[in-house]
Amino acid sequence: MAEFVEADNAEAIITRIEHKSRKIESLLKQHKPVEALKTALEGSPPNTKDERCKSANWIVVHRAIMAIKDVDSLFSYLDPEYFDILMKYLYRGLSTGDRPTCDQCLRIHEKLTERAGLGCILRSLADTVNTV
């Protein structure tokens, strides 16, 4: 089981998330939204209970999720290792109540469920340790 980082290390986590954010923006400018999403999901969720870190990471993942235009082909390029964590972030997106975010998360959720099956949903909901 992963150990959670203490709050005094939160600044180091925030710094890593800011670096990741810059990399994602660069990928999006190069019209590489799937690579941006992969980058956003790498190392997620941060091993901390600090909500500032979780929120900062959500903002980065949200930016990448919203940049996906071709949901149908997304899973041709996204490795299965990212499926469960993506599902967790989709549920976080749905919990915002923001219409464009919810619409995008539902589109991706439908295709992800087709590709990864119901087990992906169950694993993401049952994992109460690695929260996003």
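- The protein appears in an unreviewed UniProt entry as Actin-related protein 2/3 complex subunit 5 from Fraxinus pennsylvanica.
- Word for word, the UniProt comment on the protein under Subunit (unreviewed entry) is "Component of the Arp2/3 complex composed of ARP2, ARP3, ARPC1/p41-ARC, ARPC2/p34-ARC, ARPC3/p21-ARC, ARPC4/p20-ARC and ARPC5/p16-ARC."

### So, the environment of S21
Item 1. Here S21 is to be found in helix α1 (residues 10-29).
Item 2. S21 sits in the partly exposed class, given a relative accessible area of 26%.
Item 3. Placed 73 residues apart in sequence, S21 and L94 show a C-alpha to C-alpha distance of 22 Å.

### What about the side chain of T39?
Item 1. Structurally, the position occupied by T39 is in helix α2 (residues 33-41).
Item 2. A polar side-chain atom of T39 sits 2.9 Å from the main-chain carbonyl oxygen of E35.
Item 3. Setting aside residues up to four positions removed in sequence, T39 forms contacts with K20, K23, I24 and L27.

### Digging into helix α7 (residues 118-126)
Item 1. Burial in α7 covers these residues: C120, I121 and S124. Projected down its long axis, α7 carries its buried residues within an arc of 100 degrees, all on one side. The exposed residues of α7 that point more than 90 degrees off its buried face are L118, L122 and A126.

### Quick look at the pattern of salt bridges
Item 1. A complete count under the given rule lists eight salt bridges for this structure.
Item 2. Here D50 and R52 are joined by a salt bridge, their closest N and O atoms 3.0 Å apart.

Quick notes on the rules
Residues numbered from 1 in each chain as written. Predicted model: local features only at pLDDT ≥ 70, side-chain atom pairs only at ≥ 80, totals over all residues. Heavy atoms only, no water. UniProt positions renumbered as here; feature names shortened; annotations may be inferred. Helix = DSSP H or I, 4+ residues; strand = E, 2+ residues; numbered from the N terminus. Buried < 20%, exposed > 50% of the residue type's maximum accessible area, 1.4 Å probe, protein only. Polar contact = N/O pair within 3.5 Å; in protein donor to acceptor, adjacent residues only side chain to side chain. Contact = heavy atoms within 4.5 Å. Arc of directions from axis to C-beta. Salt bridge = Lys/Arg side-chain N within 4 Å of Asp/Glu carboxyl O.

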